[in-house]
Amino acid sequence: MKTVLVFAGLIALALGTTIKHNLKTKEVGAEFVARQKKVLDLFENTYQLNENDEYYTVGKEYSIEANIDNYTNKKAVEDFLQLYRTGFLPKGFEFSVFYERLRDEAIALFEVFYYAKDFETFYKTAAFAKVHLNDEQFLYALYIAVLQRPDTDGIVLPAPYEVFPQYFVNKKLIQRIYGVKMQKDNGHMPLLERFGVFKENEDWVFYTNYSNSLTYPNDEQRLSYFTEDVGLNSYYYYFHSQLPFWWNTEKFGIFKERRGEIYFYFYQQLLARYYLERLSNGLGEVPEFSWYSDFKTGYYPFLSTFLYPFAQRSNNYEIHNEQNYERIRFLDTYEKTFFQYLQSGHFKAFDKEVDFHSPKALNFVGNYWQNNADLYSEEVTKDYQHSYEITARRVLGAGPEQTNKYMFLPTALDFYQTSLRDPAFYQLYSRILKYLIDFKEYLTPYTKEELLFPGVKIEDVKVDKLVTYFDYFDFNITNKALLTNEELKGKSNFKFIARQPRLNNKPFTVTLDVKSEVSTDAVFKIFLGPKYDSNGRQYTLEEDWSKFYELDWFIQKIVPGENKVVRKSTEFVFFKEDSVPISEIENWLGEGKVPFDQSSFPGKLPRRLMLPKGTNGGYPFQLFVSVYPYKGATKEDDIFKNFILDNKPFSYPLDRPVLDIYFEEPNSFFEEVVVYHEDASYYYESEVSHYMDELVKQTGNKYLYKI
């Protein structure tokens, strides 16, 4: 990093100052504050019980069975108790929702949380679970319950990387935490500083970077600053928590008619964003693979749980092996069955009849590939364990067979917190997306009349210079350390902080000059997509409509004459501020406030990841801007009016194959933009050692050495 931000960080290190986040907050009442504090306590000290906290006393004494009348679904409580009596996942074991028994237990626990008739019962049930059940399984169910219960609406959830640090940082950093925890009072500062560990006031700061070629024995190493970003991986975790694949919309009532569409939209947007990052790093298309050939891309995650290190996959890994014969036969059949459905033009089974020429069929197609609880009836789903996604994750993860119902050697693809780190994830979901796009080819492209906005013309689009850089980001990883009873009793006056360079971008403004002959509400959409492929060939929208992702979506009144529409990047609707740590949330609660984005839109992508990295000399992309008449959301979507602005499909008008000529209409506009990167081309040029000399100059500390 060559910007002044580096030196600001160095000065902060030298003076022992803390960064104060300047973020938007919202005011909350006393009852909300009390509930928020109780929920936050349940997330602290992930793998330890604090006998001094209120939850411990409540959870120790509470009986779910004795209070069964305090739940609105007694059958769900009875099902949970039956599983509980036969034995739940013990404490200290890893939890993954992709294993059947572990998933059944987590769902049963979630339903007890969900059907608690009031907040007090919910809190007591959660306290019981924290005291008696597996920590990760409990937190999995708690995240989902807090997001779904009406009486916890707006409650701020801690960032997953603060709750599960071991899934977001490499084992090397975890080992340093353990070492400092055992020897922090011995005063060996020069030795610690050589390994990027510094003390700031009472806190311990660990400089950390991303995985190198030991983890990625291939070109994928260039992307680790993106695929290992703590905000990106939290984004994926929230996506699952907000709409789990096992969630039955008939039962819980949310997005029933658009669930499959959401599935397609999420992965299309994620992969489009990933693809632009590949272009910035000199990489081309996402590699394809065959179930019957060696998988070329290896991955050696230096991640570890309490029990086991993560399984590793070598380059040219033989996936079609004896362990996987049956699984690959299933995967191959599942894919071919889908093509048979497409060729016949319809699907008929399980009391469903689907016409693949109808746009509404996307809901079924998305459900088919996710193999979620809405694809079949609830009874069938409960006994139907052959999920395409889960089976494919098992094959590509390269882990050995389970030894029993609770023990497995983890792989990166076993957890939503770590999946995005593995290059195989993008190759798998790119494969799934191609099948979804095959379905889209059956849809009739929008006509000129459907796309035209009569009387409205975008005359020009101006964009500020687009600049990215790396800056240091601090996040609390104390939950990975085991504290003494005295430290727990005093809420420990020190924290372990990971300090990592993360991609960021300078704020920018998009200005639209719009000429109108009418006075009306209009919907504006701004997309970013590739201009050229990795070989320098110019893209056409007709070929690559699915490689664009949405930056913004908003409604604005336009009037006859010239309209100047100014949109700041800080206003873009699909992005949010970085999450703040629990300690800062508690400080805001003291003022009767909570962070706005973290409370209202926890599942959005961090704003710092809005733009691809670009290059030092500038990498060309293109903005696509569309304006069309506003028509309100459908009645079904009305309860989600804060998220769904109109009645169009997600990503409209780039939600299906297009004809280039129709996007030359006056209400569409393409503008070439260039993204410049102002720091080291690759993250590993920004290792801690790179700054030791500068740090010595700033601090005069003679004990600082180059690593």
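Residues numbered from 1 in each chain as written. Predicted model: local features only at pLDDT ≥ 70, side-chain atom pairs only at ≥ 80, totals over all residues. Heavy atoms only, no water.

As annotated in an unreviewed UniProt entry, the chain carries the name Aryphorin type 2 and is attributed to Cerura vinula. We quote the UniProt Sequence similarities (unreviewed entry) comment for the chain here in full: "Belongs to the hemocyanin family." (UniProt positions renumbered as here; feature names shortened; annotations may be inferred.)

Peer 1: It is not clear to me how the overall build of the chain should be interpreted in this structure. Could you clarify?
Peer 2: Assigned secondary structure in the chain consists of 25 helices and 17 strands. When the 707 residues of the chain are sorted by exposure, 59% land in the buried category. Intrachain contacts of the chain at a sequence separation of at least 6 include 80% that bridge at least 24 residues. Taken as a whole, the chain presents about 28800 Å² of accessible surface, with 50% of it coming from carbon and sulfur. (Helix = DSSP H or I, 4+ residues; strand = E, 2+ residues; numbered from the N terminus. Buried < 20%, exposed > 50% of the residue type's maximum accessible area, 1.4 Å probe, protein only. Contact = heavy atoms within 4.5 Å. Areas by Shrake-Rupley, 256 points an atom, 1.4 Å probe, with all protein chains shown as cover.)

Peer 1: In this structure, what is going on with the sheet that holds strand 7 (residues 466-476)? I would like to understand it.
Peer 2: With respect to topology, eight strands assemble into an open sheet ordered 2-3-8-7-17-16-10-11, the strand pairing being mixed. Looking along the sheet, the strands with just one partner apiece sit at the ends: strand 2 (197-200) and strand 11 (549-558). Strand-to-strand twist across the sheet, computed as the mean angle between neighbouring axes with direction ignored, equals 35 degrees. As judged from the four bridges shared by strand 2 and strand 3 (residues 203-207), these two strands associate in the antiparallel manner. Along strand 3, the bridge assignment pairs Phe 198 with Val 205. (Pairing = 2+ DSSP bridges. Axes fitted to C-alpha atoms, helices over the stretch in contact; angles between N-to-C directions.)

Peer 1: Would you take a moment to explain the pattern of salt bridges for this structure?
Peer 2: Pairing between side chains of opposite charge can happen when the charged atoms of each approach one another. Taken as a whole and judged by the stated rule, the model has 44 salt bridges. Arg 499 is the partner of Asp 474 in a salt bridge, and the nearest nitrogen-oxygen pair spans 2.8 Å. With a gap of 25 residues between them, Asp 474 in strand 7 and Arg 499 in strand 8 (residues 496-505) connect regions that are remote in the sequence. Several salt bridges converge on common partners, so that one network encompasses Asp 229, Asp 471, Arg 502, Asp 578 and Arg 608. (Salt bridge = Lys/Arg side-chain N within 4 Å of Asp/Glu carboxyl O.)

Peer 1: Explain the environment of Asp 153 to me, please; I cannot follow it from the model alone.
Peer 2: Among the structural elements, Asp 153 can be located in the loop between helix 7 (135-148) and helix 8 (160-163). For the pair Asp 153 and Phe 32, spaced 121 residues apart in sequence, the C-alpha separation works out to 9.7 Å.

Peer 1: What am I meant to see in the pairing of strand 8 here?
Peer 2: A regular strand places its side chains on the two faces of the sheet in alternate fashion. Here strand 8 lies mainly inside the structure; 10 of its 10 residues are buried. Neither face of strand 8 is open: one carries Phe 496, Ala 498, Gln 500, Arg 502 and Asn 504, the other Ile 497, Arg 499, Pro 501, Leu 503 and Asn 505, and all of them are buried. Note that strand 3 and strand 8 share four bridges and pair parallel. Looking across to strand 8, one finds that Tyr 207 is bridged to Arg 499. Relative to strand 8, strand 7 runs antiparallel, the two being bridged by nine bridges.

Peer 1: What is the right way to read the packing of helix 2 (residues 30-43) against helix 23 (residues 582-589) from this model?
Peer 2: When two helices pack together, their arrangement is given by the angle between the helix axes and by the axis-to-axis distance. Look at helix 2 against helix 23: their axes get within 11 Å of each other, and the N-to-C directions meet at 165 degrees. Judged by the inter-axis angle, helix 2 sits roughly antiparallel to helix 23. Remark: the crossing between helix 2 and helix 23 carries left-handed chirality. Listed contacts from helix 23 to Val 33, Gln 36, Lys 37, Leu 40 and Phe 43 of helix 2 are Ile 582, Ile 585, Glu 586 and Leu 589. The residue inventory of the contact of helix 2 with helix 23, partitioned by class, reads six nonpolar, one polar and two charged. (Parallel < 35°, antiparallel > 145°, perpendicular 65-115°, else oblique. Left-handed = near helix turned anticlockwise from the far one by under 90°. Nonpolar A, V, L, I, M, F, W, Y, C, P; charged D, E, K, R; others polar.)

Peer 1: Teacher, can you tell me more about the nonpolar core here?
Peer 2: Burial of nonpolar side chains together is a common tendency in soluble globular proteins. Phe 80, Phe 113, Leu 142, Trp 291 and Trp 369 are the most contacted members of the largest nonpolar core, which totals 215 residues. With 13 residues, helix 14 (residues 259-280) is the single largest residue contributor to this core. For Phe 80, the residues in contact, after removing those within four places along its chain, are Ile 64, Phe 88, Ala 108, Leu 109, Val 112, Phe 128 and Leu 133. Within the second largest apolar cluster, five residues are counted, among which are Phe 198, Val 205, Tyr 207 and Ile 497. (Core = buried A, V, L, I, M, F, W, Y, C linked by side-chain atoms within 4.5 Å.)

Peer 1: Looking at this structure, I do not really get the environment of Lys 489. What am I missing?
Peer 2: Structurally, the position occupied by Lys 489 is in helix 21 (residues 485-489). Accessibility expressed as a relative area gives 52% for Lys 489, which makes it exposed. Taking the C-alpha atoms as reference, Lys 489 lies 8.1 Å from Glu 51; in sequence the two are 438 residues apart.

Peer 1: Is there a simple way to explain the sheet that holds strand 9 (residues 509-516) in this structure?
Peer 2: Each strand in a sheet pairs with another by means of backbone hydrogen bonds, the pair being arranged parallel or else antiparallel. Read from one edge to the other, the open sheet built from three strands follows the order 6-9-12, with strand pairing classed as antiparallel. Edge positions in the sheet fall to strand 6 (456-463) and strand 12 (561-568), since each has one partner strand and no second. Across the sheet, the mean angle from the axis of one strand to that of its neighbour is 20 degrees, orientation sign disregarded. The pairing of strand 6 with strand 9 spans seven bridges and is classified as antiparallel.

Peer 1: Sorry if this is basic, but what is going on with helix 14 here?
Peer 2: Residue pairs spaced three or four apart in an α-helix point in one direction, given the helix's 3.6 residues per turn. Taking 1.5 Å of rise per residue, the 22 residues of helix 14 would be expected to cover 32 Å, and the 32 Å separating its terminal C-alpha atoms lies within 8% of that figure. The buried fraction of helix 14 amounts to 22 of the 22 residues, a majority that puts the element mostly inside the structure. A positive backbone phi angle near 75 degrees is found at Gly 282, which sits one or two residues after helix 14. (Expected span 1.5 Å × (residues − 1).)

Peer 1: So what exactly am I meant to see when it comes to the environment of Gly 179 here?
Peer 2: With respect to the element layout, Gly 179 can be found in helix 9 (residues 171-183). In the structure, Gly 179 is positioned 13 residues away from Leu 192 in sequence and 9.5 Å away in space, judged by C-alpha atoms.

Peer 1: Even after reading the chapter, I still don't get the pairing of strand 7, so can you show me in this structure?
Peer 2: Of all the 11 residues making up strand 7, 10 are buried; the element is thus mostly covered by neighbouring parts of the structure. As paired strands, strand 7 and strand 17 (residues 668-677) are joined by three bridges and run parallel to one another. Within strand 17, the residue paired with Thr 468 across the bridge is His 677.

Peer 1: Please explain the packing of aromatic side chains as it appears in this structure.
Peer 2: The description of an aromatic ring pair rests on the distance of the ring centres and on the angle between the ring planes. All chains considered together, the criterion is met by 85 aromatic pairs. Ring plane angle 65 degrees and centroid distance 6.2 Å describe the contact between Tyr 84 and Phe 88, whose orientation is recorded as edge-to-face. Owing to a relative accessible area of 30%, Tyr 84 belongs among the partly exposed residues under this scheme. On the basis of relative accessibility, which here comes to 9%, the residue Phe 88 falls in the buried class. (Phe/Tyr/Trp six-rings, centres within 6.5 Å; stacked < 30°, edge-to-face > 60°.)

Peer 1: Can you help me understand unusual backbone geometry in this one?
Peer 2: In most cases, non-glycine residues show a negative phi, while peptide bonds are predominantly trans. In this structure, the amide linkage connecting Tyr 652 to the following residue, Pro 653, adopts the cis form with an omega of 5 degrees. As for its placement among the helices and strands, Pro 653 is situated in the loop between strand 16 (619-629) and strand 17. Of note, Asn 45 is a non-glycine position whose phi angle comes to about 50 degrees, a positive value. Its location among the elements puts Asn 45 in the loop between helix 2 and helix 3 (54-61). The class for Asn 45 is buried, based on a relative accessible area of 16%.

Peer 1: I would appreciate a short explanation of a nonpolar patch on the surface in the present structure.
Peer 2: Judged by side-chain polarity, Phe 306, Leu 307 and Leu 482 come together as a nonpolar surface patch covering roughly 260 Å² of accessible area. With respect to the helices and strands, the residue Phe 306 is situated in the loop between helix 14 and helix 15 (325-344). (Patch = residues over 30% accessible without salt bridge, like charges linked within 9 Å, V, L, I, M, F, W, Y side chains within 5 Å.)

Peer 1: Whenever I open this one, the side chain of Asp 471 confuses me. Can you help?
Peer 2: Mapped onto the secondary structure, Asp 471 falls in strand 7. The buried category is assigned to Asp 471, whose relative accessible area is 13%. Within polar-contact distance, the side chain of Asp 471 engages the side chain of Arg 608 at 2.9 Å. (Polar contact = N/O pair within 3.5 Å; in protein donor to acceptor, adjacent residues only side chain to side chain.)

Peer 1: Hey, could you run me through the confidence of the model for the chain in this one?
Peer 2: Per-residue pLDDT for the chain averages 88, and the proportion of residues at 70 or more is 88%. Across residues 637-641, confidence stays below pLDDT 50; counting only partners more than four residues off in sequence or on other chains, it has four contacts. pLDDT under 50 marks residues 688-694. Its contacts with residues more than four places away, or in other chains, come to 17 contacts. (pLDDT = per-residue confidence, 0-100.)

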